[in-house]
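Fold and contact review
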Amino acid sequence: MSTDGGRPDRGALLGREYWLVLSTPAESTSAADIARKVDAHLAWLLKLEVDGTVFLSGPLTSGPGARPGSGVTILRADSAERASEIATTDPFVVAGLRTFEVFGWRVNEGTVQIRVSLGTGTYAWE
């Protein structure tokens, strides 16, 4: 929102703190390696989601270095150390299939819209 001749109102920015975990597959990791551990990885993520720890997560599908095992997870945690502790328990990491880096990430702006239809039991993420 603008309050002064088109200049943004910085006080209105969201300013929420999260931890971005950038996961990189080990050089020797293959798609078959990832496929063998994907169910354990998904169960781990879903538990963290239920606990309220995972905000967003998913594989990287294109771009520099994106290949099976590449991904980004956004965590709610008290510190970089805690986010790192959580990331070390990822079954892909435990199996040595990938490594990770943790970045502090402040979300200031953006839009998320979710439409839920109770009658049809459907939703749309826009």
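Bear in mind that the values here come from a model prediction, so they are computed numbers and not experimental data.

1. Digging into the pattern of salt bridges
As enumerated under the stated definition, the model contains 5 salt bridges in all. For Arg36, the salt bridge is made with Asp33, and the minimal N-O distance between the two is 2.4 Å. Note that Arg36 and Asp33 are positioned in helix α1 (residues 31-50) at a spacing of 3 residues, about one turn of the helix. We classify Arg36 as exposed; its relative accessible area is 60%. Among the salt bridges present, the one from Glu85 reaches Arg82, with a minimum N-O distance of 3.2 Å. Of this pair, Glu85 and Arg82 both sit in helix α2 (residues 80-87), 3 residues apart, roughly one helical turn.

2. Describing the nonpolar core
Of all hydrophobic cores here, the largest spans 10 residues; its members are Trp19, Val21, Trp44, Leu45, Leu48, Val54, Leu75, Ala83, Ile86 and Ala87. Contributions of two or more residues to this core are made by β3 (16-25), α1 and α2. What Val21 contacts, discounting residues up to four positions off in sequence, is Gly71, Val72, Thr73, Leu75, Ala87, Phe100, Glu101 and Val102.

3. Description of α1
The end-to-end C-alpha distance of α1 is 27 Å, a good match for the 28 Å that 20 residues give at a rise of 1.5 Å each. Largest kink in α1: about 50°, centred on Lys37. Buried residues of α1: Asp33, Ile34, His41, Trp44, Leu45 and Leu48, and no others. Where α1 is buried, its residues meet β4 (54-59), β5 (71-75), α2, α3 (91-94) and β6 (98-107). In the segment just after α1, Gly52 is the residue with positive phi, at about 85°.

Cut-offs used in this document
- Residues numbered from 1 in each chain as written.
- Predicted model: local features only at pLDDT ≥ 70, side-chain atom pairs only at ≥ 80, totals over all residues.
- Heavy atoms only, no water.
- Salt bridge = Lys/Arg side-chain N within 4 Å of Asp/Glu carboxyl O.
- Helix = DSSP H or I, 4+ residues; strand = E, 2+ residues; numbered from the N terminus.
- Buried < 20%, exposed > 50% of the residue type's maximum accessible area, 1.4 Å probe, protein only.
- Core = buried A, V, L, I, M, F, W, Y, C linked by side-chain atoms within 4.5 Å.
- Contact = heavy atoms within 4.5 Å.
- Expected span 1.5 Å × (residues − 1).
- Bend = angle between axes of the 7 residues up to and from the residue.

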